[in-house]
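# A look at the structure
For reference, the chains in residue letters:
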Amino acid sequence: MPDQVQDLLLDETTYVPPVRKADWLMRIGVSIVTLVIFLALFGPYIGPYDPTRTTIRIAVPPPGLTEIPGLLAGWIGGTLEYPPHWMGTDANGYDIFSRVIAAPRTDLKIALLANILSLITGVFFGLVAGYWRNWGTELLIRVSDVLQSFPVFIMAMVLVALAGRSATNIIIALAFVYTPIYLRLTRAEVLGQTSRGFVEAARAMGNSELSIALRHVLPNSLTPALIQSSVTIGFAILLTAGLSFVGAGVRPPTPEWGLMISTGANQIVLGEWWPSVFPGLAISLTVFGFAVLGNALERRYERG
Amino acid sequence: MLLRYITRRMLIGVIQLFCLVIAVFFLIRLLPADPVSRLVGLNSSPEGYEQAARQLGLDRPLFEQLWIYLGLSPDIAPGLLQGSLGVSWASGSTVGSEIATFLPVTLQLITLAFILAFIISIPVGMLGALNPGKAADKGVFVYSLFAGSQPEFWWGLLFVYVFYFQLGVAPAPLGQLSPMTFPPEPVTGFMLIDTLIAGEPAKFFEALHHLMMPVITLAFILSGPIIKMVRQNMLRALQSDFVLYANLIGLPRKRVARYALRAAMGPSMTLIGILYGFMLSGAVLVESVFSLGGIGQYAIRSVLAFDYPAIQGVVLVITAISLVVYLLLDLIHAAIDPRIAY
C-alpha cells in the first residue's frame, strides 16, 4: 500500500491499540524476519542444489505429502540417486527449493540497502528542512512534494529500465521513491522538537546551531523514521518482486522471488502451480512478517 | 467561497503538474538509455541511426526538445499547450489517443474493486470497532495487516489456478472478453458500458465474468488498509460526545453504530482518494496477470520500449487524475461533514 496511507494511519492522535497484549503476533513477526535474515546470510549455501544451475529434470512436481517420509529417510540414509526436489523443478530445470531459500540474499539486500539509503538522505534533508526554515528549504519541500506525487511503481520501473536492470539500479530507484517519505516524517518531528525547552537550554549553554541540530534535535526525531523502516522494507520487497514480474527487475538466473513467480506464471494456466506458488508464499510471509514487526514497534513507541 | 477554493486548488495542481512534466522530461533524458538504438537495432548503419535520431527529434538540443514538448514552438510540432501529448515512438499514433483507449479499462477495474472492497470493509471494520480488544477485533486486525501486505500479482495467479484450472468457474486470464468474441464498437471505452450501448447483454455478462477475478484480487488487497481505516475512524467516532449522549438517552445500539459510521466516513475520504490515485498505477500487476490492457500495461510497454513521449504522457495523465480525485474527495468530505468550510 502507498506510504502516504501508512502515514495517515500512523498520524492518528487518538490511537487505540487494537490488540493490547499481542505479543504472540510480534513473536510471529520477529520469527519470520529472523528466518529471512538467516536465509539472506546463508541461504545460497545450504540448499541441496546450486540456485543458478539447471538440472536435467524439467518441470518435476513436488513430492506428495505421503512420499515425504520415504524421501526423508532415503535422503538421510544416502540411498537416493539425487537430492529430492522438495518444491519440484521449474520449466528450465532449476531446483525451486534451493532458489526460494537463496532469494532473500537478493530481495532482502535490495530492500535493506534501498531503505538505509533513503533513510539517510530523507532524515538528513528532513532535519535540514525542519530546523532551518528559509526559502531554500521551502523549495526542498516543494521538490519532495513533486517527487512524492509521482506514480511510485511506474517511476521505479522507468528508473530501472532506463538505467539498466541491475540490483544497484533497483536500490537507487527504490531509494529515490522512498526518500520523500522519510523527509516528511523527520521534518514533521523536527518541527515539533525545535520549540521544546531542551533546545532553548542547549542554545543558552552556548552550543552552535549545527551541534544543537545534530546532537539534540536529531536523536529525538528519529523514532518515526525508524519505525517506518520496518514497513518500508516489506514494501520494498514487494516492489522489487513486482519489478521483476513485469520484466524491469533483476535478470535471470538471479534467484529472486518475483522473477521466479514470473517464470512460472505461464505454466499456471496449464496446472503447473509449484514454480509460482512457493516463491509467492515466501514473499507473502516475509512482507507480512515485516508489517507485523513494524506495527508492533509502532504500538510500543506510540507517544502517550 | 467554494468556487475560490476550487480555483486555488486547480491552480496549485497545474503548477505541480508543470513541475512534474519538467522533472520527468529531464529525468528520463539524463538516464543512460539509448532509445534510438532500441528503435533501429544495434546493427544499423551510422546514417540510419542519425536519421532515426532526427525523426525522433533527439538530435535537437535538450531545451529545444522541451520547448517543442511544451508546445512553445507549434510550427515544428504541436505540444502540451496545444493539447497534444506527442506521438508514440513505438506505434506512431498519438499518445493521447492511446491513453484514451487504455485508461477506461483501468478506471473500470479499480472503481469496481473499490466498490467491492468497501462492501466488504465497512461491516468487517465495524465488527472490529464495536468489539474492541475481543477475539473478533483481533481477527479483523490481523486480517487487515495481512491483506494490506500481500503480493497481489501472486494472489491473482493463485486465483487463476484455483478458479480457472481447478474449478473451471472463471474464464482464462486472456483479457476483457474471450479472444473469440468480437468486441463492441468502443464509444466510452468502458467495456461494460459499451456492450450495453451496443445492445449486447451476452457480451456484457461475458465482460463482467472476465472482470470477476481481477476485481476480487484487487479488492482483497485494498480491503486491508480500508478495514484498518474504517476500524480506526469508527473507534474515534464511538468515543465522541454525541455517541456518549446517544447511548445515554438509550438509543438502540444499531442506530448509534449507524450515526457513528456516518461520522467515521468523512475522514476516510482523504485516504480513499490517496488509495485511488495509487491504484491507477498500482493495478498494473493485476492488469498484466489478467492481460486486461489497462494504462499500467501501456506504461510497461512504453517503458520497456524506451518510448519517451508515451512515458511522459502516462505519468502526466495519472498524476493529473490523482489530483482531480483528491480534490473531488475533499469536496465530498466537506459535503458529508458540515463542520468543514472552505
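Residues numbered from 1 in each chain as written. Chains lettered and ligands numbered in written order. Predicted model: local features only at pLDDT ≥ 70, side-chain atom pairs only at ≥ 80, totals over all residues. Heavy atoms only, no water.

## Remarks on the pattern of salt bridges
Selection criterion: Counted as salt bridges are all cases of a side-chain nitrogen of Lys or Arg within 4 Å of a carboxyl oxygen of Asp or Glu. Burial classification: accessible surface area is computed with a 1.4 Å probe over protein chains only, and a residue below 20% of its type maximum counts as buried, one above 50% as exposed, and the rest as partly exposed.
Under the definition given, this model contains seven salt bridges over all chains. Linking Asp 50 of chain A and Arg 53 of chain A is a salt bridge whose minimum nitrogen-to-oxygen distance equals 3.9 Å. Judged by its relative accessible area of 36%, Asp 50 of chain A is partly exposed. Since its relative accessible area comes to 58%, Arg 53 of chain A is described here as exposed. Here Glu 200 of chain B and Lys 203 of chain B are joined by a salt bridge, their closest N and O atoms 3.1 Å apart. Residue classification places Lys 203 of chain B among the buried positions, given a relative accessible area of 15%.

## Details of the packing of aromatic side chains
Which entries qualify depends on this criterion: Within 6.5 Å between ring centres, the rings of Phe, Tyr and Trp (the latter by its six-membered ring) count as paired, and their orientation is classed by plane angle as stacked under 30 degrees, edge-to-face over 60, tilted in between. For a Lys NZ or an Arg CZ to count as sitting over a ring, it must be within 6 Å of the ring centre and within 35 degrees of the ring normal.
All chains considered together, the criterion is met by 21 aromatic pairs over all chains. Through a chain of ring-to-ring contacts, three or more aromatic side chains come together here, namely Phe 288 of chain A together with Tyr 143, Phe 146, Trp 154, Trp 155, Phe 159, Phe 163 and Phe 220 of chain B. Over the ring of Tyr 94 of chain A we find Arg 99 of chain A, and its NZ or CZ is 4.4 Å from the ring centre. Directly above the ring of Phe 25 of chain B sits Arg 29 of chain B, whose terminal nitrogen or CZ lies 3.8 Å from the centroid.

## Section: the environment of Ser 37 of chain B
All names here are of chain B. Applied cut-off: Strands here mean DSSP runs of E at least two residues long; helices mean DSSP runs of H or I at least four residues long; both are numbered from the N terminus.
Here Ser 37 is to be found in helix 2 (residues 35-40). Residue Ser 37 is classed as buried on the basis of its relative accessible area of 15%. Between the alpha carbons of Ser 37 and Pro 183 there is a distance of 36 Å; along the sequence they are 146 residues apart.

## Quick notes on the domain arrangement of chain A
Residue and element names in this part refer to chain A. Condition: Note that the domain bounds were set by an automatic or database domain assignment. Values labelled buried area give the accessible surface lost by two parts on being combined, using a 1.4 Å probe and summing over both. In protein, a polar contact requires one atom able to donate a hydrogen and another able to accept it; more generally it is a pair of N or O atoms within 3.5 Å, and residues adjacent in sequence count only if both atoms are side-chain atoms. Each residue gets one label: Ala, Val, Leu, Ile, Met, Phe, Trp, Tyr, Cys and Pro are nonpolar, Asp, Glu, Lys and Arg are charged, and the others, such as Gly, are polar.
Assigned domains of chain A: these are domain 1 (43-99) and domain 2 (101-303). Relative placement of domain 1 and domain 2: their C-alpha centres are 35 Å apart. Interface area for domain 1 against domain 2, summed over the two sides, is near 1500 Å², with a carbon-plus-sulfur share of 70%. At the junction of domain 1 and domain 2, the tally comes to zero salt bridges. Remark: the boundary between domain 1 and domain 2 carries nine residue pairs in polar contact (both at pLDDT 80 or more). The set of elements that each furnish at least two residues to the side of domain 1 that touches domain 2 consists of helix 2 (23-46) and helix 4 (96-102). Classifying every residue of the side of domain 1 that touches domain 2 by side-chain character gives 13 nonpolar, seven polar and two charged.

## Considerations on the domain arrangement of chain B
Here chain B is described as being made up of domain 1 (36-84) and domain 2 (99-341). The C-alpha-based centres of domain 1 of chain B and domain 2 of chain B are spaced at 39 Å.

## Examining the UniProt feature "transmembrane region" (unreviewed entry) in chain A
All names here are of chain A. Going by this rule: UniProt positions are given in the numbering used here, feature names are shortened, and annotations may be inferred rather than shown by experiment.
Within this numbering scheme, the UniProt entry marks residues 24-47, 110-132, 152-178, 225-250 and 277-297 as carrying the feature "transmembrane region" (unreviewed entry). Helix makes up 89% of residues 152-178 and strand 0%, and the two end C-alpha atoms of the span are 9 Å apart. From the first C-alpha to the last, residues 225-250 spans 28 Å; its make-up is 81% helix and 0% strand.

## Things to note about the UniProt feature "domain: ABC transmembrane type-1" (unreviewed entry) in chain B
In the numbering used here, UniProt assigns the feature "domain: ABC transmembrane type-1" (unreviewed entry) to residues 103-329 of chain B. For the annotated span residues 103-329 of chain B, helix accounts for 78% and strand for 0% of the residues, and the straight-line distance between the end C-alpha atoms is 20 Å.

## Notes on the UniProt feature "transmembrane region" (unreviewed entry) in chain B
Per the UniProt record, "transmembrane region" (unreviewed entry) is found at residues 12-31, 109-132, 153-174, 211-230, 263-290 and 310-329 of chain B. Helix makes up 100% of residues 310-329 of chain B and strand 0%. Its end C-alpha atoms lie 28 Å apart.

## As for the nonpolar core
Going by this rule: Buried residues of nine kinds, namely Ala, Val, Leu, Ile, Met, Phe, Trp, Tyr and Cys, make up a nonpolar core once their side-chain atoms join them within 4.5 Å. Any two residues whose heavy atoms approach within 4.5 Å at even a single point are treated as in contact.
Grouped together as the largest cluster of nonpolar side chains are 162 residues, with contacts concentrated most on Met 157 and Phe 245 of chain A together with Ile 99 and Ile 226 of chain B. No other element matches the 16 residues that helix 9 (residues 201-238) of chain B contributes to this core. Aside from chain neighbours lying at most four places away, what touches Met 157 of chain A is Leu 243, Val 246 and Ala 248 of chain A together with Ala 299, Ile 300 and Val 303 of chain B.

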